[in-house]
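Results of the structural survey
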Amino acid sequence: MNLTLTDVRLTPILVADPPLLNTQGVHQPYTPRLIIEVVTADGVTGVGETYGDTKYLELARPFAEKLKGRQVSDLNGLFTLADEVSVDASRVSGQVDVGGLRGVQTADKLRLSVVSGFEVACLDALGKTLGLPVHTLLGGKVRDTVEYSAYLFYKWAEHPAGVPAERDDWGAALDPAGIVEQARRFKERHGFTSFKLKGGVFPPDQEIAAVRALAAAFPGHPLRLDPNGAWSVATSLTVAEEIGDLLEYLEDPALGTPAMAEVAAATGVPLATNMCVTTFAEIQEAFTRGAVQVVLSDHHYWGGLRNTQQLAAVCRTFGVGVSMHSNTHLGISLAAMTHVAATVPGLHHACDSHYPWQSEDVLTERLTFTDGRLTVPDAPGLGVELDRDRLHFLHRRWLDDDGTLRERDDAAALRVVDPGWTTPAVPRW
Ligand SMILES: O=C([O-])C(=O)C[C@H](O)[C@@H](O)C(=O)[O-]
Ligand SMILES: [Mg+2]
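Each value, and the rule that gives it
- Residues numbered from 1 in each chain as written.
- Chains lettered and ligands numbered in written order.
- Predicted model: local features only at pLDDT ≥ 70, side-chain atom pairs only at ≥ 80, totals over all residues.
- Heavy atoms only, no water.
- Near = heavy atom within 4 Å.
- Polar contact = N/O pair within 3.5 Å; in protein donor to acceptor, adjacent residues only side chain to side chain.
- Nonpolar A, V, L, I, M, F, W, Y, C, P; charged D, E, K, R; others polar.
- Domains from an automatic or database assignment.
- Donors = N, O, S within 2.8 Å, 3.2 Å for Na, K, Ca; no water.
- Helix = DSSP H or I, 4+ residues; strand = E, 2+ residues; numbered from the N terminus.
- Buried < 20%, exposed > 50% of the residue type's maximum accessible area, 1.4 Å probe, protein only.
- Axes fitted to C-alpha atoms, helices over the stretch in contact; angles between N-to-C directions.
- Parallel < 35°, antiparallel > 145°, perpendicular 65-115°, else oblique.
- Left-handed = near helix turned anticlockwise from the far one by under 90°.
- Contact = heavy atoms within 4.5 Å.
- Buried area = accessible area lost by both parts, 1.4 Å probe.
- Phe/Tyr/Trp six-rings, centres within 6.5 Å; stacked < 30°, edge-to-face > 60°.
- Lys NZ or Arg CZ within 6 Å of the ring centre and 35° of its normal.

Around ligand 1 sit 16 residues in total, of which N22, H27, Y151, K196 and N228 are the nearest. A distance of 3.0 Å separates an oxygen atom of ligand 1 from a polar side-chain atom of K198. R408 places a side-chain nitrogen or oxygen 3.2 Å from an oxygen atom of ligand 1. A per-class count over the shell around ligand 1 returns three nonpolar, eight polar and five charged. Two domains each provide a minimum of three residues to the shell around ligand 1, namely domain 1 (5-133 + 387-400) and domain 2 (136-375).

Here the magnesium ion (ligand 2) is held by D226 (OD), E251 (OE) and N274 (OD1), and the distances to it run 1.9 to 2.2 Å. Positions of the donor residues of the magnesium ion (ligand 2) along the chain correspond to the pattern D-x24-E-x22-N. Pair noted here: D226 is in strand 9 (residues 223-226) and E251 is in strand 10 (residues 249-251), with a separation of 25 residues, a long-range link. There is no split in this pair, since D226 and E251 are both buried.

Put simply, helix 2 (residues 76-83) and helix 3 (residues 107-130) touch, their axes get as near as 10 Å, and they point 140° apart. Taken together, helix 2 and helix 3 sit at an angle that is classed as oblique. Helix 2 and helix 3 meet at a crossing whose hand is right-handed. Two secondary-structure elements touch here, helix 2 through L78, F79, A82 and D83 and helix 3 through D108, R111, L112, V115, F118 and E119.

Domain annotation of the protein identifies domain 1 (5-133 + 387-400) and domain 2 (136-375). Computed over C-alpha atoms, the centres of domain 1 and domain 2 are 22 Å apart. With 51 residues of domain 1 at the contact, the number on the domain 2 side is 55 residues. Between domain 1 and domain 2, roughly 4200 Å² of surface is buried when both sides are summed, and carbon and sulfur atoms account for 63% of that area.

This part takes up the packing of aromatic side chains. What characterises a pair of aromatic rings is the spacing of the ring centres plus the angle enclosed by the ring planes. Inspection of the entire model under this criterion finds 14 aromatic pairs. For the pair W170 and W357, a centre-to-centre distance of 4.7 Å together with 50° between the ring planes defines the contact as tilted. Taken together, the residues span a long stretch of sequence, with W170 in the loop between strand 7 (150-153) and helix 5 (176-190) and W357 in the loop between helix 12 (331-343) and strand 14 (373-375) at a distance of 187 residues. Measuring from ring centre to ring centre gives 4.6 Å for F195 and F218, while their planes differ by 40°; the resulting arrangement is tilted. Note that F195 is positioned in strand 8 (residues 195-198) and F218 in the loop between helix 6 (204-217) and strand 9, a separation of 23 residues in sequence. If you follow R189 out to its NZ or CZ, it ends over the ring of W170, 4.4 Å from the centre. Taking the ring centre of Y355 as reference, the NZ or CZ of R366 above it sits at 4.3 Å.

Quick look at the structure:
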């Protein structure tokens, strides 16, 4: 067996994304992702996936060059190798990622977001070489299925007129009835029983009404509301007071650890985050101040599947719950999330996934939810297969783009219909 990496291929793609609204704006009709392939001397190929915006590609390219000639099993070495790749200071100084939706932006986090895709690809190749699933390489699964939640969004029926886009069949959801209808479809199509509403779009009263409507339509089902830090401490407490008893947790009601700590101190409603704890460096303050009760891990920006396990261990130590966050992603990342989620003890909350919103994928076979769950794959590696024709098609779309869609920019997408729109100052309400 020869574990030497002889080739590393990077394929940036643009994938269709519906017009999902959030506090920053709206999703663009196509979103960038990067597909990573690592090839061993034995001809085994492993696949990974991460963000595809330019700042990630700028790091992934030199990183891929350095990787050639190394051992596919040298997972710890990925981090030291990443330290050798310099990050353009203008990419990180005073920046937050995607208008803040992914928390703080640092050079290290940028590197970790790139490393994670390579780590997954290496684990896939190593698993295929050894005939073992990724969860076995991670120490073994502790469950056979992983539960996901329905990720509800306010949305338009279609992207603005004149903007090239793929159609979706979800329809509009701009009020409580629309959100309940969307939830029904999620349940019907995928069997989800846990619902998360992306908030911060409309004034809190309207989002409170949507949560109440969901609770009435789906009694007893776990519900979450996530305004991405759009509310003041006072507004967060009002919402907690009004619908706290209906919520499994409130996600990032206010922005940043100090504000979250203030909210947490004054309400019994558990708070979750994928914004104020997004790096190991942020854990100490947040946990010692009791600012968060659930951390939504995201293997992309935490630096991979093994870092996710480490995060889960730290959370366990502090009695903080853990679950998973998601941005727009494809089946490779969903498989990766499922493998690592299968190995984390005490995963008490259904994981988030955007996957049902993605009509396009780079796999020969889509992953399918049954009763809101994915069966943990036991085939070697991730247990997924790359569809090269689809990959080339989506790469062609990226090549043909004039550059405007190669960076995720939800505010720019909203300016198409509202030219005066800028990312709202926080707190918005
Ligand atoms: O839980 C979250 O905060 C997210 O999923 C952030 C995402 O960027 C979401 O808001 C989106 O895709 O619009
Ligand atoms: Mg969130």
